[in-house]
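# Architecture at a glance
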Amino acid sequence: MPPPSDIVKVAIQWPGAFPKLMEIDQKKPLSAIIKEVSDGWSISQNHDDLALQYADGSGFYITEKNRNEIKNGAILRLTDSPATNAQRLHDRVQSSSMDVKLEGLKDLAKYSRDITFAQEFINLDGIYLLTQMVESDPERYQKLQKIMKPCFREMLSYTLTAFVELMDHGIVSWDTFSVAFIKKIASFVNKSGMDVSILQRSLAILESMVLNSIDLYQKVAQEITIGQLIPHLQGTDQEIQTYSIAVINALFLKAPDDIRQEMANILAQKQLRSIILSHVIRAQKTINNEMAHQLYVLQVLTFNLLEDRMMTKMDPQDQAQRDIIFELRRIAFDVEPDQNNLGGSIEKRKSMYTRDYKKLGFTNNVNPALDFTHTPPGMLALDNMLYFAKHHQDAYIRIVLENSSREDEHECPFGRSSIELTKMLCEILKVGELPSETCNDFHPMFFTHDRSFEEFFCICIQLLNKTWKEMRATSEDFNKVMQVVKEQIMRSLTNKPSSLDQFKSRLQNLSYTEILKIRQSERMNQEDFQSRPILELKEKIQPEILELIKQQRLNRLVEGTCFRKLNSRRRQDKFWYCRLSPNHKVLHYGDVEESTQGEIPHDNLQDKLPVADIKAIVTGKDCPHMKEKGAHKQNKELLELAFSIMYDSNCQLNFIAPDKHEYCIWTDGLNALLGKDMISDQTRNDLDTLLSMEIKLRLLDLENIQIPDAPPPIPKEPSNYDFVYDCN
């Protein structure tokens, strides 16, 4: 008799028969199980042409590879094998009957999500068939019979859906498609009044072509222009807007270095930034995660255009570059370069230049060009300084003259500060790094100005000068000032200001005094109360705080979370939901159509995993889905969000958390269910915060009373105990 762990209790359906309850022995070959089921119903059809399939509407087949995923209580269906079904659908989609053809395409779009079926359909040259159907212009039929137009639109929509689902499995290379197919897909995007579903899938196909093939990028770039995508951004459908920005990002990302700047100039001419600001960021009530991700990618790619200047060293012999430094001097001190060459000795003119360059705060007073030979920030720092001098002239002159009138040790060197600040801003905005596949951290304020990085610098250089004065800093305090400025910038960015003016006002509220208060408060939470009595009190109340955190984690698991399935194509991501039962005995989970923020009832989640069956929790590169996909080699962010539940023999439930917070919640909660320690960073932070608050509450009555480091000595025992009150 096989062990209980190898037996799965399921219900199996067959059209026209009562469902059959049976136990599946996972050690038996799947073909033997299918034969046993078909013989039980006396089905005449050859059992080799039959297969088991989930009856939940997903259309996923049971194979030897995925059979271990079958759960107790699952409802299966005995149906045609993937090969038989693929052949039937292959014939139906070519039917001369429009009704038969349409229903066949609907079924094909559904079944194509299953990789087993997809492989069989592709083996029948199914991809070629679909491309031919797309390339053949249905409009010629519409001219003859206009009443059929909605039917043709629906057929085209399901054809493109099936195509997207089949290509999603990565079985067929994107390099195999013809120019005619690309032109046809592009025509759907370029044509006004196109059906939304057709437009969505066409944009998704174009994005995948660009991202997966250099040759196709060049062909798509010839067919699609930024101007043709702009009208889709000016609509109200956020999905269409998201797909459109995704195509722009893909074209931007794959463009050769020599034409990327040209593309950026075209985007500026088409006023893409202002269109996104008006029709997306400010027009939409809520920005969904996918749109936020695409805006983040566009933000990163835009800032990466600065990398070339950031990594370019200044050539001290280049007269054009030296003229920029002369211009900085001219604006600051209102002198004309040609006047300096009239009269006077060379030594006198050199002395005059050296004096002015010292006032400008350059490290090398004789030849300031040498200050810009370090990369990063290279020439980008000089570009920022010139922009500040020209576009914020009064503020620039005030900073230079104000510092040149101070004592040498107290002046804030404008040149050195600008160079270090530019380098810091590049680090904060990660200039030169490729965008993360999971991040959606975009800043609306960078979409409010065509020269947002330069304006960002101008605000921050004035902040630096203000903080320098507040700290009464000297040249020895330069690094300390830069650390405070970085903290001020980072704290202000955390609030996601909607405009540069709002960012500036928030910086005004984060003075050096305020930073000191914040640091002191945080230090109190982290380092204060280190005396022995307080440490003993912490040790005493820590278990109840940990129990409180544990209950919070378990309550969050009971509420449940929507997870993303690992997928090579972000736009077609699949989602699933998992939640813990209120009695903490069972994990309920199942696929959902789209990402959801609300709770999904347990009854809607068909799969179950008893907590008692869980063997271990693994994270990061130890997760099976990280090893199989090789994702940890390509994306460190995914690696940090991955964890798996191991159960039974070689079975696992794989997770990709939406963010680091959810990752900590779930790993903590699962470890708590198994009776293990909660070791996440979130638990440590919560423990420190709650401990500090609890101790402060308990010590309120002892305010201004010094607590000794050691307890008072125990007095000697008395000579007798006659003073004890005798109740008798």
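Residues numbered from 1 in each chain as written. Predicted model: local features only at pLDDT ≥ 70, side-chain atom pairs only at ≥ 80, totals over all residues. Heavy atoms only, no water.

### Quick word on helix α32 (residues 681-698)
For α32, spanning 18 residues, the distance from its first C-alpha to its last is 26 Å, which sits close to the expected 26 Å at 1.5 Å a residue. Of the positions making up α32, those classed as buried are T683, L687, L691, S692 and I695. Take α32 and look down its axis: the buried residues cluster within an arc of 155°, on one side only. (Helix = DSSP H or I, 4+ residues; strand = E, 2+ residues; numbered from the N terminus. Expected span 1.5 Å × (residues − 1). Buried < 20%, exposed > 50% of the residue type's maximum accessible area, 1.4 Å probe, protein only. Arc of directions from axis to C-beta.)

### Some thoughts on the confidence of the model for the protein
Averaged over all residues, the pLDDT of the protein equals 87, while 90% of them reach at least 70. When pLDDT is averaged over each helix and strand of the protein, the minimum, 44, is found for helix α6 (residues 139-144) and the maximum, 97, for helix α20 (residues 379-391). Within the model, pLDDT remains below 50 along residues 140-148, and this stretch shows four contacts once partners closer than five positions in the same chain are excluded. Scored below 50 in pLDDT, residues 338-342 shows five contacts in the model against residues more than four places distant or in partner chains. (pLDDT = per-residue confidence, 0-100. Contact = heavy atoms within 4.5 Å.)

### Some points on the sheet that holds strand β5 (residues 561-564)
Strand order in the open sheet formed by four strands is β5-β6-β7-β8, with antiparallel pairing between adjacent strands. Every other strand in the sheet has two partners, leaving β5 and β8 (607-610) as the edge strands with one partner each. Strand-to-strand twist across the sheet, computed as the mean angle between neighbouring axes with direction ignored, equals 25°. By the bridge criterion, four bridges tie strand β7 (residues 586-592) to β8 in an arrangement that is antiparallel. Looking across to β8, one finds that H588 is bridged to K608. Running over the sheet, helix α27 (residues 532-559) touches β5 and β6 (575-580) and is turned about 130° from β6. (Pairing = 2+ DSSP bridges. Axes fitted to C-alpha atoms, helices over the stretch in contact; angles between N-to-C directions.)

### A few points about the environment of Q228
Here Q228 shows up in helix α11 (residues 226-233). For the pair Q228 and S244, spaced 16 residues apart in sequence, the C-alpha separation works out to 9.8 Å. For Q228, the contacting residues outside a window of four places in its chain are N190 and E223. Within the local environment of Q228, its side chain forms a polar contact with the backbone nitrogen of T225, the two atoms lying 2.9 Å apart. (Polar contact = N/O pair within 3.5 Å; in protein donor to acceptor, adjacent residues only side chain to side chain.)

### Considering the nonpolar core
Among the nonpolar cores identified, the biggest contains 83 residues, and L108, F163, M209, I276 and L295 are the most heavily contacted of them. It is helix α7 (residues 149-167) that contributes the most residues to this core, ten residues altogether. Apart from the residues within four sequence positions on either side, L295 is in contact with I245, I276, V280, I281, I287, F442 and F447. (Core = buried A, V, L, I, M, F, W, Y, C linked by side-chain atoms within 4.5 Å.)

### Some remarks on helix α17 (residues 319-333)
Taking 1.5 Å of rise per residue, the 15 residues of α17 would be expected to cover 21 Å, and the 21 Å separating its terminal C-alpha atoms lies within 8% of that figure. Three or more residues of α17 are buried, namely Q321, I324, I325, L328, R329, I331, A332 and F333. Measuring from the side-chain oxygen of the N-cap residue of α17 to the backbone nitrogen of A320 gives 2.9 Å; that N-cap residue is D318. Note on α17: the residue one or two positions beyond its end, D334, has a positive phi of about 55°.

### Remarks on unusual backbone geometry
Negative phi is the rule for most residues except glycine; trans is the rule for most peptide bonds. Each neighbour pair has its own omega, and for T375 with P376 the value is -15°, a cis peptide bond. Put simply, P376 and P377 share a cis peptide bond, and its omega is 10°. On the secondary structure map, P377 appears in the loop between α19 (346-359) and α20. Of note in this structure, S42 is not a glycine but carries a positive phi near 55°. Residue placement: S42 occurs in the loop between α1 (30-40) and β3 (50-54). S42 sits in the exposed class, given a relative accessible area of 64%. Non-glycine residue R472 carries a positive phi angle of around 50°.

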